[in-house]
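# Structural description and commentary
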Amino acid sequence: MDIQSHYEVLRKAAELRLSVQPALDISSHFSEPDGLVHELQLHEVELQMQNEVLLDSLAREEALRAKYQDLFNFAPVGYVTLDRGGRVTDLNPKAVHMLSEHGREIFGQPFLRFVAPSSQPQVVAFLNDVLASTDEVRCEQIEMGEQRVVPHYLNLQARTRPDSASTGAQIHLVMLDVTALRMALDDVVKRVCPGG
C-alpha cells in the first residue's frame, strides 16, 4: 500500500471514529468556520489512531525481539558475528563455551586467536571465501586452540551480511561442535588400521 492510499484509509477510519464520538463544541471560541474545527478534530483522531498503531507495532516488535533473543541465547550451536577484519563483535553463550575454555576475553579479539595453529590456514581461506561470496560457505573439522586436554573440533558455516553501522560487511558464523564425531571416527580408524 502506498503512502497516499494509507493516508486515505486512515482518514476514512478517523472520520468514522469521529462520527461516533461526541463532538466538542469549541466553535463558539473561534471565529474560524466549522470546517476548520472539524478538520482539527479529525486530525486529532488520526493522530490518536496512528499512536495506537505505533504502540501495537512496538509491542509486537518487543515480543519478537524477546523470542529471537531466547533462540539466540539458548541455541545448541554457537553464533558469532565477525567484522570484516575477522574480529569477534557478538556471540551467544554457546559460542563463548566453544571458543574459550578458560573464559578469556573474546569480544574484539581476532577469531583466529581461538583456532589451533594447524587449522589457521584453512580458516583464513574460509573467511576469505565468505567475504568474496554472497552464498553460505562451509568449513569442516577445524581444530580449536587453547591447548585443551582433549582436542576440540568445529564445523563452520558463514555468510556475509551488510553492516548498517559501517561501510563494510559482517560475517555471521555458525559453529557446530563435532568433537565427539571426530573422536569416534579416529577410534574406528585406529581399530581398522592399527599402527597406521
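Nothing here was measured: the structure is a model prediction, and the numbers come from that model.

## A word on the sheet that holds strand β1 (residues 78–82)
- With respect to topology, 5 strands assemble into an open sheet ordered β2-β1-β5-β4-β3, the strand pairing being antiparallel. For this open sheet the edge positions go to β2 (88–91) and β3 (137–143), each flanked by a neighbour on one side alone. Going across the sheet, the axis of each strand differs from the next one's by a mean of 25°, ignoring polarity.
- Judged from the 5 bridges that link them, β3 and strand β4 (residues 153–162) form a sheet pairing that is antiparallel. What sits directly across from Val137, in β4, is Ala158.
- Of the strands in this sheet, β1, β3, β4 and β5 (169–177) touch helix α4 (residues 120–132), which is tilted by about 165° from β3.

## Regarding the pairing of β1
- Within β1, 4 of the 5 residues are buried, which leaves it mostly tucked inside the rest of the structure.
- Direction of pairing for β1 relative to β5: antiparallel, over a ladder of 5 bridges. Paired with Gly78 across the bridge in β5 is Met175.
- Summarising the sheet, β1 and β2 pair through 3 bridges and their orientation is antiparallel. Of the residues in β2, the one forming a bridge with Thr81 is Asp90.

## Quick word on the pattern of salt bridges
- A full pass over the atoms with the stated rule returns 5 salt bridges.
- One salt bridge connects Glu62 with Arg65, and the closest N-O pair in it is separated by 2.8 Å. Of this pair, Glu62 and Arg65 both sit in helix α2 (residues 34–73), 3 residues apart, roughly one helical turn.
- By relative accessible area, which is 44% here, Arg65 ends up partly exposed.
- Here Asp83 and Arg87 are joined by a salt bridge, their closest N and O atoms 3.2 Å apart.
- Residue class for Arg87 comes out partly exposed when judged on its relative accessible area of 39%.

## Side note on the layout of surface pockets
- By volume, the largest pocket is sized at about 210 Å³.
- Residue lining of the largest pocket: Phe72, Tyr79, Val80, Thr81, Glu136, Gln157, Ala158, Arg159, His172, Leu173 and Val174, and that is the complete set.
- Elements supplying a minimum of two residues to the lining of the largest pocket: β1, β4 and β5.
- When the residues that make up the lining of the largest pocket are grouped by side-chain class, the tally is 6 nonpolar, 3 polar and 2 charged.

## Focus: the packing of aromatic side chains
- Inspection of the entire model under this criterion finds 1 aromatic pair.
- Ring plane angle 15° and centroid distance 5.9 Å describe the contact between Phe72 and Tyr79, whose orientation is recorded as stacked.
- Relative accessible area serves as the criterion here: at 22%, Phe72 is assigned to the partly exposed category.
- On the basis of relative accessible area, Tyr79 is assigned to the partly exposed category, the value being 30%.
- Across from the ring centre of Tyr153, 4.2 Å away, lies the NZ or CZ of Arg182, which sits over that ring.

## Here we look at α2
- A rise of 1.5 Å per residue sets the reference length of α2, with its 40 residues, at 58 Å; its end C-alpha atoms lie 58 Å apart and thus fit the reference within 8%.
- Among the residues of α2, those classed as buried are Val37, Gln41, Leu42, Val45, Glu46 and Met49.

## Thoughts on a nonpolar patch on the surface
- Nonpolar side chains collect at one region of the surface, where Leu64, Tyr68 and Leu71 lie side by side and expose about 310 Å² of accessible area between them.
- The residue Tyr68 is located in helix α2 in this model.

## A few points about the nonpolar core
- Ranked by size, the top nonpolar core spans 25 residues in total, and within it Val80, Leu99, Phe111, Phe126, Leu156, Leu173 and Met175 carry the most contacts.
- When contributions to this core are tallied by element, the ones reaching two or more residues are β1, β2, α3 (93–99), α4, β3, β4 and β5.
- Top contributing element to this core by residue count: α4, with 4 residues.
- Grouped together as the second largest cluster of nonpolar side chains are 6 residues, Leu10, Ala14, Leu18 and Met49 included.

Analysis parameters
- Each chain has its residues counted from 1, running along the sequence as written.
- pLDDT decides what is reported in this predicted model: residues at 70 or higher carry local features, side-chain atom pairs at 80 or more are listed and counted, and totals for whole chains, interfaces and linings draw on all residues regardless.
- By convention in this description, side-chain values take in all heavy atoms of the structure and omit both hydrogens and water.
- Two strands qualify as a pair provided DSSP detects at least 2 bridges between them.
- Secondary structure counts use DSSP, requiring at least four H or I residues in a row for a helix and at least two E residues in a row for a strand, with both numbered from the N terminus.
- Here an axis means a line fitted to C-alpha atoms, over the contact stretch when the element is a helix, while the angle between two N-to-C directions is reported on a 0 to 180 degree scale.
- Whether two residues touch is decided by their heavy atoms; if any such pair falls within 4.5 Å, the residues are in contact.
- In this scheme, a residue with accessible area under 20% of its type's maximum is buried, one over 50% is exposed, and one in between is partly exposed, where area comes from a 1.4 Å probe on protein chains only.
- Between Lys or Arg on one side and Asp or Glu on the other, a salt bridge is scored when a side-chain nitrogen of the former is within 4 Å of a carboxyl oxygen of the latter.
- In the cavity and pocket records, a cavity denotes points on a 1 Å grid over the protein atoms alone where a 1.4 Å probe fits but cannot get out, a pocket denotes an open set with protein on both sides within 12 Å along at least 5 of 7 lines, and lining residues are residues with an atom within 4 Å of a point.
- Grid points are joined across faces, edges and corners, and a volume is the space filled by probe spheres set on the points.
- Polarity classes work like this: nonpolar for Ala, Val, Leu, Ile, Met, Phe, Trp, Tyr, Cys and Pro, charged for Asp, Glu, Lys and Arg, and polar for all others, with Gly in that last group.
- Only centres within 6.5 Å qualify two rings of Phe, Tyr or Trp (six-membered ring in Trp) as a pair; their planes then separate them into stacked at under 30 degrees, edge-to-face at over 60, and tilted for everything else.
- Over a ring means this: the NZ of a Lys or the CZ of an Arg is within 6 Å of the ring centre and within 35 degrees of the ring normal.
- Helices are assigned an expected span. That span is 1.5 Å times one less than the residue count.
- A patch consists of residues exposed above 30% relative accessible area that lack any salt bridge, with like charges linked at up to 9 Å and nonpolar side chains (Val, Leu, Ile, Met, Phe, Trp, Tyr) linked at up to 5 Å.
- Using a 1.4 Å probe, accessible areas were evaluated by the Shrake-Rupley method; residue-level cover was limited to the displayed protein chains.
- Side-chain atoms within 4.5 Å are what join buried Ala, Val, Leu, Ile, Met, Phe, Trp, Tyr and Cys residues into a set we call a nonpolar core.

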